[in-house]
Amino acid sequence: MSLRAFLSSRVVTPEGVRPAAVLVEGEQIRGVVAPNRVPAQAEARDFGDAAILPGLVDSHVHINDPGRADWEGFETATRSGAAGGYTALVDMPLNCLPPTINLAALEAKREAARSRCRIDWMAWGGVVADNQSDIEPLAAAGVSGFKCFLVHPGIAGFTMVTEEELRRALPHIARTGLPLLVHAELPAPIELATERLALADWSVYQTYLQSRPEEAELSAIRMLLSLCREYKFRLHIVHLSASDALPELRAARSEGLAVTVETCPHYLHLTAETIAKGATLFKCAPPIRSMENCERLWEGLREGTIDLVATDHSPCPPEMKRFAEGDFRSAWGGIAGLSMALPVINTEAGKRQFALAYIARWMAEAPAKLAGCEKRKGRIATGYDADLVVFDPESEFVVSADRLHYRHAVSPYLGEKLRGIVKSTYLRGRLVFQEGEFPGEPLGREYRR
Ligand SMILES: [Zn+2]
């Protein structure tokens, strides 16, 4: 196998950012050396001052395939992932039909993914009201972990779990040693608030925001932390939006509970104050909250209470966003963010003086660890997959539809000026994205835990 060297003045390694050459042989990284130590036989490519980041790992993606490939699908999700600097996606078990809640459904998903992925992928299994006996078989079959909802997920085919149902599942989950990812909102505060808002104007964002109060997240997180203490399973809070939960999460970690936390680019960039009347593009659950809340989420990242940033890429056909009516009650809640997550985070991180190494930790290393592929992905280091992103962190661009690359070119970021351009993405040593093009055949494969 021939040896190649990827050089840059800014290679982002776990030890920091430095001038280096990443030596690649076949699909793997053979070493990271000083630029003047490249072996003579290596075929060298110098990317100059463009940074080389590890391929990003998105631990929260709704690919919706099989069954709702008209919403998204393996081809389009992995294509937009490659364009966004991702080399691995972990698929959520809902929105697809059948939902990934038993072995047959997992097999159907594997069939749907075959020969259609531009980057690697993994699967989360679902925990619903009545599939406790499917948990250990799914783990044995190679899922990365499990996902459940404490509130109605907004789609048929995947049930939420009550505390009682969750208690029936937890001994099984604890035995697998895999993480349980939880949509942490409890229904009672949402139902109460929504009732009070029956006559309110639902084209106003504040109405929707008030209908999903922080209390829904807080009470869910409290319940989960106490279950975590009791059943000793690995708990992961997906898409934290309520920064008021940070003190309790921080305390839980100091107590030694196995809890990790994620938030999303939209909570770190968009704010409730600027969402226009009828702008249902911005609807997601939990909701985008205040500017002050956003700043506190950044503090959570800084201090490490929030471990990672995942997209919660959740597209739908544009008509489901009900742009004509602008009704926040009936519009689909979900934001598609795969291709723009890195520029969004780079833009905001730059304003707060975070070095690129932080971005690599939040968007590659920590999600790889959550998904169980941390020995192969998420770092530029010897023995890892040669998943590399060539990234220009300083250049600005205006988000246009042709840069999104997922099924429906719908995005709250359209027209915004962002900083940071993905120049090219390499999956296991192969170029899979460059300057808007996707060369070669789809060679992405499933990584089984
Ligand atoms: Zn989600």
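So, here's what we can say about the structure. As a convention, each chain's residues are numbered from 1 in the sequence order in which they are written. Given that this is a predicted model, residues contribute local features only at a pLDDT of at least 70 and side-chain atom pairs are listed and counted only at 80 or more, while totals for whole chains, interfaces and linings are drawn from all residues. Side-chain measures here rest on the full set of heavy atoms in the structure, leaving out hydrogens and waters.

### A word on the overall build of the chain
Inference 1: Think of it this way: any DSSP run of H or I at least four residues long counts as a helix, any run of E at least two long counts as a strand, and we number them from the N terminus. Across its full length, the chain carries 12 helices and 17 strands.
Inference 2: Radius of gyration here is computed from C-alpha atoms only, and the compact-globule reference equals 2.2 Å multiplied by the residue count raised to the power 0.38. The C-alpha atoms of the chain give a radius of gyration of 21 Å, which matches the 22 Å a tight globule of 449 residues would have.
Inference 3: Summarising its shape, the C-alpha atoms of the chain cover approximately 70 × 45 × 45 Å along the three principal directions.
Inference 4: The buried label goes to any residue with under 20% of its type's maximum accessible area, the exposed label to any with over 50%, and the partly exposed label to all in between, with areas taken from a 1.4 Å probe on protein chains only. Going through the 449 residues of the chain one by one, you find that 62% of them count as buried.
Inference 5: By definition in these notes, contact holds between two residues if any of their heavy atoms fall within 4.5 Å. Contacts spanning at least 24 positions in sequence make up 74% of the contacts within the chain whose residues lie at least 6 apart.
Inference 6: Residue-level accessible areas treat just the shown protein chains as cover; the underlying method is Shrake-Rupley with a 1.4 Å probe. Summed over its atoms, the accessible surface of the chain is roughly 16,400 Å², and 51% of this surface lies on carbon and sulfur atoms.
Inference 7: The charged-residue count follows a simple rule in which Lys and Arg add positive charge and Asp and Glu add negative charge, with His and chain termini not counted at all. By convention, charge coordinates are those of NZ in Lys, CZ in Arg, CG in Asp, or CD in Glu. Across the chain, the mean location of the 51 positive side-chain charges is 3 Å away from that of the 57 negative side-chain charges.

### Concerning the state of the cysteines
Inference 1: Two cysteine sulfurs form what is called a disulfide whenever their separation falls within 2.5 Å. The tally for this structure, following the rule as stated, stands at zero disulfides.
Inference 2: Cysteine 96 takes part in no disulfide bond, and the closest cysteine sulfur to it belongs to cysteine 117, at a distance of 13 Å.

### Observations concerning the packing of helix α4 (residues 163-176) against helix α7 (residues 214-231)
Axis angle and axis distance: for two packed helices, these are the angle between their axes and the distance between the axes, and together they describe the pair.
Inference 1: Taken N-terminus to C-terminus, the directions of α4 and α7 make an angle of 40°; their axes are 11 Å apart at the nearest point. The pairing of α4 with α7 is recorded here as oblique in orientation. Every pair of crossing elements has a handedness; the one defined by α4 and α7 is right-handed. Touching Glu163, Leu166, Arg167, Leu170, Pro171 and Ala174 of α4 are Met223, Leu224, Leu227, Glu230 and Tyr231, all from α7.
Inference 2: The residue inventory of the contact of α4 with α7, partitioned by class, reads eight nonpolar, no polar and three charged. Angles run from 0 to 180 degrees between N-to-C directions of axes, and those axes are lines fitted to C-alpha atoms, restricted for helices to the stretch in contact. We call two directions roughly parallel when the angle between them is under 35 degrees, roughly antiparallel when it is over 145, roughly perpendicular when it lies between 65 and 115, and oblique otherwise. In this scheme the handedness of a crossing depends on how the near helix is turned from the far one: anticlockwise by less than a right angle means left-handed, clockwise means right-handed. In this classification, the charged set is Asp, Glu, Lys and Arg, the nonpolar set is Ala, Val, Leu, Ile, Met, Phe, Trp, Tyr, Cys and Pro, and all remaining amino acids, among them Gly, are polar.

### Re the sheet that holds strand β12 (residues 234-237)
Inference 1: Think of it this way: DSSP has to see at least two bridges between two strands before they count as a pair. Here we have six strands laid out as an open sheet, ordered β9-β10-β11-β12-β13-β14, and parallel in their pairing. The open sheet terminates on both sides in strands that have one partner only, identified here as β9 (125-126) and β14 (308-309).

### Considerations on the coordination of the zinc ion
Inference 1: Surrounding the zinc ion are the protein donor atoms His60 (NE2), His62 (NE2) and Asp312 (OD), which sit 2.1 to 2.2 Å from the metal.
Inference 2: Excluding water, the donors of a metal are its N, O and S neighbours within 2.8 Å, or within 3.2 Å for Na, K and Ca, and that exclusion means sites may look incomplete. Here the donor residues of the zinc ion are spaced in sequence according to H-x1-H-x249-D. Here aspartate 312 lies in the loop between β14 and α11 (341-351) and histidine 62 lies in the loop between β6 (56-61) and α1 (74-83), a separation of 250 residues in the sequence.
Inference 3: Judged by its relative accessible area of 5%, histidine 62 is buried.

### Quick look at the side chain of arginine 68
Inference 1: Within the fold, arginine 68 resides in the loop between β6 and α1.
Inference 2: Salt bridge, as applied in this entry: a Lys or Arg side-chain nitrogen positioned within 4 Å of an Asp or Glu carboxyl oxygen. Among buried charged residues, arginine 68 stands out as having no salt bridge; its nearest opposite-charge side chain is aspartate 70, 6.4 Å away.
Inference 3: Not counting the four nearest positions on each side in its chain, arginine 68 is found in contact with Asn95, Cys96, Leu97, Ile155 and Ala156.

### Observations concerning the packing of aromatic side chains
Inference 1: In this analysis, rings of Phe, Tyr and Trp, with Trp reduced to its six-membered ring, are considered paired at centre separations within 6.5 Å, and the interplanar angle assigns stacked below 30 degrees, edge-to-face beyond 60, and tilted for intermediate values. Applying the stated criterion across every chain yields a total of 15 aromatic pairs.
Inference 2: Measuring from centroid to centroid gives 6.5 Å for phenylalanine 47 and tyrosine 426, while their planes differ by 70°, and the two rings are edge-to-face. Of the two residues, phenylalanine 47 sits in the loop between β4 (43-46) and β5 (51-54) while tyrosine 426 sits in strand β16 (residues 417-427), which places them 379 residues apart along the sequence.
Inference 3: Phenylalanine 47 gets classed as buried once you look at its relative accessible area, which sits at 12%.
Inference 4: Classification of tyrosine 426 as buried rests on a relative accessible area of 6%.
Inference 5: Look at phenylalanine 354 and tyrosine 358: their rings are 5.0 Å apart centre to centre, the planes differ by 65°, and that puts the pair in the edge-to-face class.
Inference 6: For phenylalanine 354, a relative accessible area of 9% gives the class buried.
Inference 7: Assessed through its relative accessible area of 29%, tyrosine 358 is described here as partly exposed.

### Points about the pattern of salt bridges
Inference 1: This structure, assessed with the given rule, holds 39 salt bridges.
Inference 2: Here aspartate 120 and lysine 377 are joined by a salt bridge, their closest N and O atoms 2.9 Å apart. In this pair, aspartate 120 is assigned in strand β8 (residues 120-123) and lysine 377 in the loop between α12 (356-371) and β15 (388-398), connecting sequence segments 257 residues apart. Taken individually, aspartate 120 and lysine 377 each receive the classification buried, so the pair is uniform in this respect.
Inference 3: A salt bridge links arginine 352 to glutamate 348; the shortest N-O distance between them is 2.7 Å. The same class applies to arginine 352 and to glutamate 348, which are both buried.

### With respect to unusual backbone geometry
Inference 1: Across the junction of aspartate 65 and proline 66, the peptide omega takes the value 5°, indicating a cis bond.
Inference 2: By secondary structure assignment, the location of proline 66 is in the loop between β6 and α1.
Inference 3: Residue proline 286 follows alanine 285 across a cis peptide bond; omega there is -5°.
Inference 4: Among the structural elements, proline 286 can be located in the loop between α9 (265-269) and α10 (291-303).

### Side note on the packing of α11 against α12
Inference 1: Contact pair α11 / α12: the axes reach a minimum separation of 11 Å and the direction vectors enclose 140°. Considering their axes alone, α11 and α12 lie oblique with respect to each other. Here α11 and α12 pass one another in a crossing that is right-handed. Counted together, Ala341, Leu342, Ile345, Asn346 and Ala349 of α11 and Leu356, Ile359, Trp362 and Met363 of α12 form the full contact between these two elements.
Inference 2: Grouping the amino acids of the contact of α11 with α12 by side-chain chemistry returns eight nonpolar, one polar and no charged.

What is shown is where atoms sit, not what they do.
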